[in-house]
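Now for the letters of each chain:
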Amino acid sequence: MAVSPRPRVRVAVVDAYGTVLNDYRDRAIGKAAPERPWAVYLAGADRRFRLLAFDLDAHGDPAAAARDADVLAGLLRDVGLPYVLCESGPTGGRHLWVALAESVDAETVATLARLTKHLCPTLDLSPLSNAVTGCVRPPGAPHRAGGHSTVLSGDVDALSAPTATAAQVRALVSLVAGLVDDTEPARPIDPRSPLPLDSHGRLHLAGPRRQLPANSAAALRETPLDASATLWRVLIGAAAARWRHADVAALVDTEPGLEHVRSRVTTRGRAARPRGEQAAVLGRQWDKAVRYVAASDRQIGDDPTFDRRADVMAAHVRDVQQRADAAAGRWTRGGGPADRRILDVLSFLALHALSGSVEADTRRLALSAGVGRETARTALLRLAEDGWIAQTTAADGTRAAHWTIDPQSVLHSNLVHARSQADPRPPGAGAAERTTLLATLRTRTTDAAHDLFTATRPALGHLAGNLYARIDTTARTLDELSPTIGAGPLRTRRLLDRLTYAGIVERSREGWQRVDLHSPDAAAERAGVAGRLDARADRYRVEREAWAWWKAEEAWMHAPRRPDARRRPSRGQLSLVPEDGTHAYGPHPRRADGRLDYAAARRIIIEEREGTAVRPYERDADGDLRSRTVVDESPAIDTAEGEWIDPGYCSHGMTVGIRCRYCDGPATKQLDTPQRRVA
């Protein structure tokens, strides 16, 4: 039995054919419980929660829901919260109930739900995120697919006589927040990232060894409920503390938290691993942990304002994303799919920098979003026109323009806004919220920015990529997927059919889900579009370097006291304190008339990048670039025709006999210096 915080409950609706729907309506009940599925409200009329119900959906995978229930139950025990665990029905889902003697504000509960979702992917956020309509079927309530919600553990009477306090709930939020950065990544880490190796050939992070973080030290000493997850908490803490692989290996035989290294799960319980297998497991997980720590956005330091600033920025980015999700049709018309990608990238950059205004050039935005630079430029203009973003600083030279996702300047007012003393923010919640949002936005933009989802056929297009980025390994129905991209059911179904035909999404009885992580790469190969984004990135790098080269030359030409051209360093000969206009590629190439030669500059950059460059470059009479050798200085001697060459210099200070790389003009002055032989 359970006590409803309201005199009314929600009862499932039955259609004209007698089928019970997953739709509930308010209804007053008497002493007898309804025969149809019914649910109780979690919050009261004051929108403060008096019940917590963690709804873990099976979605065809009961084992995943059971695992998440074990993890969550352990967290509840750690903070002393009594709970009741139920099997929700025949599908294998789980419900964990906690009754509260003190009400808790909706914001704290919503934060708890979002952070728990990061640890337990099967959690349904809806009941704990909506204080008005959030409800869950209590123990004993019927399931629309048959059966009832059955108690697996816990005392049901604890729901009628609650003892849990608001302080315990906030302690739970802080505990979960501390674990958010310590969760194993769901996808493989890129093995191409260069990291230092120790004397045993194992990856590590440079720096002096420190003590283990508190969470990792506790995991090392505790008897694990989930041995794999506990090992991961230990390893990422050790990697962040600059430990070496050998430091952890020395503890394998003695520390409880390394049980996953010592043994493996079998049908008869845990069985000891051979020594060779132990070394392989620890080595593989250690390298993975080091790469994860090196690539993660974990905050290191003792900045007392970081958690608060992260909380404010995370709340603002979450608000921007929620408003964007609510603007259904905005992201499906014309350039809308590209606009949404650019907005997501700007949100990620702002959240990463903890600043509403960030410097972002169109090429970098384009590469991050998987669109062209002109598409990114027009997307910025459209977003600014519609009030989603605003330009705060125009581009200047090699510095890109600054854009803000806070055109109404609400961040400052939120930063000084104080919470109620009765509902203080749990410590660490802001930083953890930032981490979860960063992970969500990074995953979404990375999945959408793929060769298969570029604009030109036979690629599938930007909107198909946006849809794919919002599909995971959990099956979702058409009604659930359509609102995620703002398209109607018919258009969404067509996109799903294209994704299914490409072999990256499959349909089951429960809905659509991804096939596997690497299927888009194979689909791009089959479609003949693999390598598009890499080629675009190479092209943009050349354009960016050519622009920087031109700006350096412009600075040299406009310098108040222009240095002697003969003293300008050639390619690769930068001085310790370079003068204005000094560039790694040397002086900018010029045409015969003295104007800058941009085509030659691009060729030089490309050849340098490809390793086919020949130095030094000089222009031949026909305009080609070829290598010419300059002989050492000495008194002038005759040429093959027996003629003497006068030591004349062009306007750029180059000996005319040695053809100037900027011009082929005649000498403008005579200098009493040693002559040079013709190259």
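*Asks:* Sorry, what's going on with helix H20 (residues 519–527) here?
*Replies:* Burial in H20 covers these residues: Ser-519, Pro-520, Ala-523 and Ala-524. End-on view of H20: buried residues confined to an arc of 135 degrees, all on one side of the axis. Facing away from the buried surface of H20 by more than 90 degrees, the exposed residues are Glu-525 and Arg-526. At its buried positions, H20 is contacted by helix H17 (462–469). Immediately beyond the C-terminal end of H20, within one or two residues, lies Gly-528, with a positive phi of roughly 75 degrees.

*Asks:* So what exactly am I meant to see when it comes to the packing of aromatic side chains here?
*Replies:* Geometrically, a pair of aromatic rings is defined through the distance of the ring centres and the angle of the planes. Following the criterion strictly, the structure yields four aromatic pairs and no others. Aromatic pair Trp-331 and Trp-388: ring centres 5.3 Å apart, planes at 55 degrees, arrangement tilted. One end of the pair, Trp-331, is in the loop between helix H11 (306–326) and helix H12 (336–353); the other, Trp-388, is in the loop between helix H14 (373–385) and strand E12 (390–393), with 57 residues separating them in the sequence. You can call Trp-331 buried: its relative accessible area is 4%. Classification of Trp-388 as buried rests on a relative accessible area of 11%. Their ring planes at 80 degrees and their centres at 6.4 Å tell us that Trp-550 and Tyr-598 sit as a pair that is edge-to-face. In this pair, Trp-550 is assigned in helix H21 (residues 532–557) and Tyr-598 in helix H22 (residues 598–610), connecting sequence segments 48 residues apart. Assessed through its relative accessible area of 19%, Trp-550 is described here as buried. On the basis of relative accessibility, which here comes to 41%, the residue Tyr-598 falls in the partly exposed class.

*Asks:* Just to check I follow, could you spell out unusual backbone geometry for this structure?
*Replies:* With the exception of glycine, the majority of residues adopt a negative phi angle, and the majority of peptide bonds are in the trans configuration. Put simply, Arg-457 and Pro-458 share a cis peptide bond, and its omega is 10 degrees. When you line up the elements, Pro-458 lands in the loop between helix H16 (429–448) and H17. In this structure, Arg-47 is a non-glycine residue whose phi angle is positive, near 65 degrees. Mapped onto the elements of the fold, Arg-47 is located in the loop between strand E3 (38–41) and strand E4 (48–56). A relative accessible area of 53% means that Arg-47 is categorised as exposed. With phi around 55 degrees, Ser-409 is a residue other than glycine that occupies positive phi space. Tracing the chain through its elements places Ser-409 in the loop between strand E13 (402–404) and helix H15 (411–416).

*Asks:* What am I meant to see in the pairing of E4 here?
*Replies:* Successive residues of a regular strand alternate their side chains across the two faces of the sheet. Most of E4 is tucked away: seven of the nine residues are buried. Where E4 and strand E6 (residues 94–105) come together, eight bridges link them in antiparallel fashion. Bridging across to E6, Leu-56 finds its partner in Arg-94.

*Asks:* What is the right way to read the packing of H12 against H14 from this model?
*Replies:* The relative placement of two packed helices is expressed as an angle between their axes plus a distance between the axes. In contact at an axis separation of 9 Å, H12 and H14 are set at 80 degrees when each is read in the N-to-C sense. It follows that H12 is roughly perpendicular to H14 by the angle criterion. Contacts between H12 and H14 involve Ala-338, Asp-339, Ile-342, Leu-343 and Leu-346 on the former and, on the latter, Thr-375, Ala-376, Ala-379, Leu-380, Arg-382 and Leu-383. Per-class residue counts for the contact of H12 with H14 are eight nonpolar, one polar and two charged.

*Asks:* Help me understand the sheet that holds strand E5 (residues 84–87) in this model?
*Replies:* By way of backbone hydrogen bonds, the strands of a sheet pair with one another, either parallel or antiparallel. Strand order in the open sheet made by the four strands is E4-E6-E5-E8, with antiparallel pairing throughout. Only two strands of the sheet have a single partner each, and these edge strands are E4 and strand E8 (150–153). Strand-to-strand twist of the sheet, defined as the mean angle between neighbouring strand axes without regard to direction, takes the value 35 degrees. Each of E4 and E6 is contacted by helix H2 (residues 106–119), which is oriented at about 150 degrees to E6, the strand it contacts most. The strands touched by helix H5 (residues 166–180) are E4 and E6; relative to E6, the strand with the most contacts, the crossing angle is about 125 degrees.

*Asks:* I tried to follow the environment of Gly-201 on my own but got confused; where do I start?
*Replies:* Take Gly-201: it is sitting in the loop between H5 and helix H6 (214–221). Residue classification places Gly-201 among the partly exposed positions, given a relative accessible area of 43%. Residues Gly-201 and His-245, spaced 44 residues apart in sequence, show a C-alpha to C-alpha distance of 9.5 Å.

*Asks:* It is not clear to me how the sheet that holds E13 should be interpreted in this structure. Could you clarify?
*Replies:* Overall, antiparallel pairing links the three strands, which are arranged E11-E13-E12 in an open sheet. The open sheet is flanked by strand E11 (357–359) and E12, the only strands paired with a single partner. With direction set aside, neighbouring strand axes in the sheet form an average angle of 35 degrees. The sheet contact formed by E12 and E13 spans three bridges and is antiparallel. Note that in E13 the partner of Gln-391 across the bridge is Trp-403.

*Asks:* Looking at this structure, I do not really get the side chain of Thr-404. What am I missing?
*Replies:* Turning to its location among the elements, Thr-404 is positioned in strand E13. Of the polar contacts made by the side chain of Thr-404, one reaches the backbone nitrogen of Asp-406; its length is 2.9 Å. In this structure Thr-404 touches Gly-356, Ser-357, Trp-388, Ile-389, Ala-390 and Thr-392, once residues within four positions along its chain are discounted.

*Asks:* In this structure, what is going on with H12? I would like to understand it.
*Replies:* Between its first and last C-alpha atoms H12 spans 26 Å; for 18 residues at 1.5 Å apiece the expected length is 26 Å, and the two agree. Taken across its 18 residues, H12 has 15 buried, putting it largely inside the fold.

*Asks:* Looking at this structure, how should I read the confidence of the model for the chain?
*Replies:* The predicted coordinates should not be examined in detail at positions where pLDDT is low. Per-residue confidence for the chain gives a mean pLDDT of 79, with 76% of residues at or over 70. Low pLDDT, under 50, characterises residues 573–578; the stretch is placed with three contacts to residues that sit more than four places away or in other chains. Confidence over residues 615–679 falls short of pLDDT 50; this stretch has 117 contacts with residues more than four positions distant or in other chains.

*Asks:* Help me understand the side chain of Thr-484 in this model?
*Replies:* Structurally, Thr-484 is set in helix H18 (residues 478–485). Setting aside anything within four residues of it in sequence, one finds Thr-484 in contact with Leu-467, Arg-470 and Arg-476.

Basis of the calculations
Residues numbered from 1 in each chain as written. Predicted model: local features only at pLDDT ≥ 70, side-chain atom pairs only at ≥ 80, totals over all residues. Heavy atoms only, no water. Buried < 20%, exposed > 50% of the residue type's maximum accessible area, 1.4 Å probe, protein only. Helix = DSSP H or I, 4+ residues; strand = E, 2+ residues; numbered from the N terminus. Arc of directions from axis to C-beta. Contact = heavy atoms within 4.5 Å. Phe/Tyr/Trp six-rings, centres within 6.5 Å; stacked < 30°, edge-to-face > 60°. Pairing = 2+ DSSP bridges. Axes fitted to C-alpha atoms, helices over the stretch in contact; angles between N-to-C directions. Parallel < 35°, antiparallel > 145°, perpendicular 65-115°, else oblique. Nonpolar A, V, L, I, M, F, W, Y, C, P; charged D, E, K, R; others polar. Polar contact = N/O pair within 3.5 Å; in protein donor to acceptor, adjacent residues only side chain to side chain. Expected span 1.5 Å × (residues − 1). pLDDT = per-residue confidence, 0-100.

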